[in-house]
Amino acid sequence: TVSFRLVHTGQHYDEKMSDVFFGELGIPAPDINLGVGSGTHAVQTATVMTKFEPVCERERPDWVVVVGDVNSTMACTLVCSKLGIKVAHVEAGLRSFDRTMPEEINRIVTDALADLLLTPSADANENLKREGVADGKIKLVGNIMIDTLVENLHQARRRGTLEKLGVEKNRFVYVTLHRPSNVDHKESLTQIMGELERLSHELPVVFPIHPRTRKMSAEFGIATGEARTLKIIEPIGYHDSLCLTEQARFILTDSGGLQEESTYFQTPCLTLRPNTERPVTIQLGSNRLTSLHQLRSDIEQVLQKDSRLGSVPPLWDGQTAARTLDELIAASA
């Protein structure tokens, strides 16, 4: 038998951005909550480390499983590597090749130290091999986020999200933006909001605004009042987001997760970033990169294409958790 303890670092702590997901996804309450909260990258990473180390010393786990590419992922991995505790990294091997992204540093450090690298796609395997990781440590298991999507799709479809928002299937655009490169500069955020305003005269735009984006808009004096067709709303839960992702005419985002979810639904996606750590969403999926300079013409091109594009990558089938557990048990034998 496998026993586990769930540790929530508290890095994502806003009720609208954290608690709602525990509730909606049926995740049990964490056994341990470190309550780290916000801070600079250094402060947040250091706080996770100092609070997680005594947990490891008390619990003495055989394995610690870390997920994704946030500061907590790297911080917990560093603690374990110093204590001689094995680490399995879920979503290993993803690379944007842009070290100005804090997440890229987290990915590189975590993968360099982890003992078992559980990858979502073949390109991730190649990245790790190129970095000198031994073949025996790398296991292609598929995309864990798609397991969550498949498990929750029925509930998402029953939410009535479109009706509540007053939009129709394939007749609206779903927008999420929160990265500092897009929202922390007055010029870029002003241009983005201007494009959304213009687009909203063509199709309704649903924009659940991230706390960071709302804060910067207020600082810059950029209006975010709710217009009839530019629907700027509070952050939404996972089920509402899934529903919008499946039903949108297209998506504009700078989120990693939405690139993957839209690829599964074959919903066209414009990613407002110069790079992506998920190139399979472009090679096989419905995603393409855009920039502020290209945004208007890319939107026009998307609207001329089919409302469904691309194909679903291999092993994005809802069975990744089972394969992950099998690999963990095999590595423990």
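Attention here is on the structure that accompanies the text. (Residues numbered from 1 in each chain as written. Predicted model: local features only at pLDDT ≥ 70, side-chain atom pairs only at ≥ 80, totals over all residues. Heavy atoms only, no water.)

**A look at the pairing of strand β4 (residues 86–90)**
Reasoning step 1: Most of β4 is tucked away, with four of its five residues classed as buried.
Reasoning step 2: In the sheet, strand β3 (residues 63–67) pairs with β4 via five bridges, with the strands oriented parallel. For V66, the partnering residue across the bridge sits in β4 and is H89.
Reasoning step 3: Assessed by its sense of winding, the connection that carries the chain from β3 through helix α3 (residues 71–83) to β4 is right-handed.
Reasoning step 4: Of the pairings in the sheet, the one linking β4 to strand β5 (residues 116–119) comprises three bridges and is parallel in character. Within the sheet, the bridge partner assigned to A88 lies in β5 and is L116. (Buried < 20%, exposed > 50% of the residue type's maximum accessible area, 1.4 Å probe, protein only. Helix = DSSP H or I, 4+ residues; strand = E, 2+ residues; numbered from the N terminus. Pairing = 2+ DSSP bridges. Right-handed = clockwise from strand over helix to strand, strands pointing away.)

**Section: the sheet that holds β5**
Reasoning step 1: The four strands are arranged β3-β4-β5-β6 in an open sheet whose pairing can be described as parallel. A single partner strand is all that each edge strand has here, and the edge strands are β3 and β6 (138–140). Strand-to-strand twist in this sheet, taken as the mean axis angle between neighbours without regard to direction, amounts to 20 degrees.
Reasoning step 2: Sitting on the sheet, α3 touches β3 and β4, and the angle it makes with β3 is about 160 degrees. (Axes fitted to C-alpha atoms, helices over the stretch in contact; angles between N-to-C directions. Contact = heavy atoms within 4.5 Å.)

**Considerations on the packing of aromatic side chains**
Reasoning step 1: Within the structure shown, the criterion is met by one aromatic pair.
Reasoning step 2: Judged by centre distance (5.7 Å) and plane angle (75 degrees), the ring pair of Y264 and F265 falls under edge-to-face.
Reasoning step 3: Given the relative accessible area of 9%, F265 is considered buried. (Phe/Tyr/Trp six-rings, centres within 6.5 Å; stacked < 30°, edge-to-face > 60°.)

**Things to note about the side chain of R249**
Reasoning step 1: By the element assignment, R249 lies in the loop between α11 (238–247) and β10 (250–253).
Reasoning step 2: No salt bridge is formed by the buried R249; its nearest oppositely charged neighbour, D306, is found at 7.1 Å.
Reasoning step 3: In terms of polar contacts, R249 uses its side chain to reach the backbone carbonyl oxygen of L303, at 3.2 Å.
Reasoning step 4: At 2.7 Å, the side chain of R249 forms a polar contact with the backbone oxygen of K305.
Reasoning step 5: The residues touching R249, leaving out its near neighbours within four places in the chain, are N170, R171, F172, L203, T267, P268, V302, L303, Q304, K305, D306 and S307. (Lys, Arg positive; Asp, Glu negative; His and termini not counted. Salt bridge = Lys/Arg side-chain N within 4 Å of Asp/Glu carboxyl O. Polar contact = N/O pair within 3.5 Å; in protein donor to acceptor, adjacent residues only side chain to side chain.)

**Let's talk about the pattern of salt bridges**
Reasoning step 1: In the structure shown here, the tally under the stated rule is 22 salt bridges.
Reasoning step 2: Note that E234 is salt-bridged to R214, the shortest N-O span being 3.1 Å. On the criterion of sequence distance, the pair formed by E234 in the loop between β9 (230–233) and α11 and R214 in helix α10 (residues 211–220) is long-range, its members being 20 residues apart.
Reasoning step 3: Judged by relative accessible area, which is 38%, E234 ranks as partly exposed.
Reasoning step 4: Each of D69, E104, R107, E260, R273, E277 and R278 takes part in one network of salt bridges that share partners.

**What about the pairing of β5?**
Reasoning step 1: Burial of the side chains of β5 extends over both faces: L116 and L118 are buried on one face and L117 and T119 on the other.
Reasoning step 2: The pairing of β5 with β6 spans three bridges and is classified as parallel. Residue pairing in the sheet places L118 in a bridge with K139 of β6.
Reasoning step 3: Crossover connection from β5 via helix α5 (residues 122–130) to parallel β6: handedness right-handed.

**A short note on the environment of L177**
Reasoning step 1: If you trace the backbone, L177 turns up in the loop between β7 (173–176) and α8 (180–183).
Reasoning step 2: The class of L177 is buried, set by a relative accessible area of 2%.
Reasoning step 3: Setting aside its immediate chain neighbours within four residues, L177 contacts N182, V183, I192, F207, H210, T213, T253, D254 and L272.

**Focus: α3**
Reasoning step 1: In this model, α3 (13 residues) spans 19 Å end to end at C-alpha, consistent with the 18 Å of a helix rising 1.5 Å per residue.
Reasoning step 2: N71, S72, T73, M74, A75, C76, T77, V79 and C80 are the residues of α3 that are buried.
Reasoning step 3: Tucked inside the fold, the buried residues of α3 contact α2 (41–59), β3, β4 and α4 (102–113).
Reasoning step 4: Where α3 ends, the next residue or the one after it, G84, has phi of about 75 degrees, a positive value. (Expected span 1.5 Å × (residues − 1).)

**Here's the deal with the packing of α3 against α4**
Reasoning step 1: Remark: α3 packs on α4, axes separated minimally by 9 Å, with the N-to-C direction vectors making an angle of 25 degrees. By the angle between their directions, the pair α3 and α4 is classed as roughly parallel. By crossing handedness, the relation of α3 to α4 is classed as left-handed. For the pair α3 and α4, contact is made by N71, T73, M74, T77, L78 and S81 and by I105, N106, V109, T110 and L113, respectively.
Reasoning step 2: Residue classes in the contact of α3 with α4 are distributed as five nonpolar, six polar and no charged. (Parallel < 35°, antiparallel > 145°, perpendicular 65-115°, else oblique. Left-handed = near helix turned anticlockwise from the far one by under 90°. Nonpolar A, V, L, I, M, F, W, Y, C, P; charged D, E, K, R; others polar.)

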